[in-house]
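Architecture and fold: a report
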Amino acid sequence: MRLSRFVEFGRKIIGVGRNYKHHAAEMKSVVPDKPLLFLKPPTAFITEGNPIKVPRGCHELHHEVELGVIIGRKGKDISEIGAMDYVGGYTLCLDMTARDLQEEAKKNGLPWTVAKGFDTSCPVGSFLPKEQVADPHNLPLWCNVNGQMRQEGSTADMVFRIPTLISYISSYFTLEPGDVILTGTPAGVGPVQPGDIVEAGLGSLIRMSFKVQVEEKSM
Ligand SMILES: CC(=O)CC(=O)C(=O)O
Ligand SMILES: [Mg+2]
């Protein structure tokens, strides 16, 4: 299988939380002393042309624009020094988050699984082979809703950089080709409503757009 079809691999989506200090501050949280991880199932993926569906019981769905790192080689206990050899490419992701469900979970000391992993919670853009990205730690990220800019940041501001993330994650989870690491979001996250259009970009490399819709019961 070709890595450009990573969405079809059915692999892990590993989220990193509070990896930008201004976002941690807007969430009234502190930057963790080691990467804060969560998982989304592969059914979270959607590509352009498919809607973001507000999950049942959610009244505050937020956008979080993020750089996605796509793993190209299987590895466990990867050293920071060799970590970039395990990157196959990059993409742009929206880590859609049911903020009200997440806040409730946080208050009760419960996991974020539903808040982060519901169907359509990971819209992604096209695959960029790593050779096309000169410096993944210097990429502008932006997100607007109905044409109004909400998030503008740079991957230069990540707290834990890609080699650290790969090394840390692989000390717990074997990384496999097609796994995607969501590297955290810059400040400016906010709500979306059914009917909204969420547009996001990664410098001049990727631009993508998704419509928000109510989740309807499937038969
Ligand atoms: C508070 C969060 O939802 C953490 C997260 O996903 C992030 O990008 O930061
Ligand atoms: Mg996030």
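Look up a bit, the structure's there.
What you see is a predicted model; the values in this text were computed from it and never measured.

1. Some points on the site of ligand 1
Surveying the vicinity of ligand 1 reveals 13 residues, the closest of which are Arg 18, Glu 64, Glu 66, Asp 95 and Lys 116. Between Arg 18 and ligand 1, the recorded distance is 2.7 Å, taken from a backbone N or O atom to an oxygen atom. For ligand 1, an oxygen atom lies 2.6 Å from a polar atom in the side chain of Lys 116. Compared with its free state, where it exposes 280 Å², ligand 1 has 100% of that area covered by protein. Its atoms largely coinciding with the cavity grid, ligand 1 occupies the largest cavity. Where the shell around ligand 1 is concerned, the elements lending two or more residues are strand 1 (13–17) and helix 2 (99–107). Along the lines of polarity and charge, the residues of the shell around ligand 1 split into two nonpolar, five polar and six charged.

2. Describing the nonpolar core
Within the largest apolar cluster, 46 residues are counted, with the highest numbers of intra-cluster contacts made by Leu 94 and Ile 166. Broken down by secondary-structure element, the contributors of at least two residues to this core are strand 1, strand 4 (52–54), strand 6 (65–71), strand 7 (87–94), strand 11 (140–145), helix 4 (162–170), strand 15 (197–202) and strand 16 (206–214). Beyond its immediate stretch of four places on either side in the chain, Leu 94 contacts Ile 52, Glu 64, Val 65, Ser 121, Cys 122, Pro 123, Cys 143, Val 198, Ala 200, Met 208 and Phe 210. Counting residues in each nonpolar core, the second largest holds 13 residues, with Phe 9, Ile 70, Cys 122 and Val 180 among its members.

What counts as what
- Residues numbered from 1 in each chain as written.
- Chains lettered and ligands numbered in written order.
- Predicted model: local features only at pLDDT ≥ 70, side-chain atom pairs only at ≥ 80, totals over all residues.
- Heavy atoms only, no water.
- Near = heavy atom within 4 Å.
- Polar contact = N/O pair within 3.5 Å; in protein donor to acceptor, adjacent residues only side chain to side chain.
- Areas by Shrake-Rupley, 256 points an atom, 1.4 Å probe, with all protein chains shown as cover.
- 1 Å grid on protein atoms, 1.4 Å probe; cavity = no way out; pocket = protein on both sides within 12 Å on 5 of 7 lines; lining within 4 Å.
- Sits in = over half its atoms within 2 Å of the grid points.
- Helix = DSSP H or I, 4+ residues; strand = E, 2+ residues; numbered from the N terminus.
- Nonpolar A, V, L, I, M, F, W, Y, C, P; charged D, E, K, R; others polar.
- Core = buried A, V, L, I, M, F, W, Y, C linked by side-chain atoms within 4.5 Å.
- Buried < 20%, exposed > 50% of the residue type's maximum accessible area, 1.4 Å probe, protein only.
- Contact = heavy atoms within 4.5 Å.

Remember that the coordinates give geometry; whether it matters functionally is a separate question.
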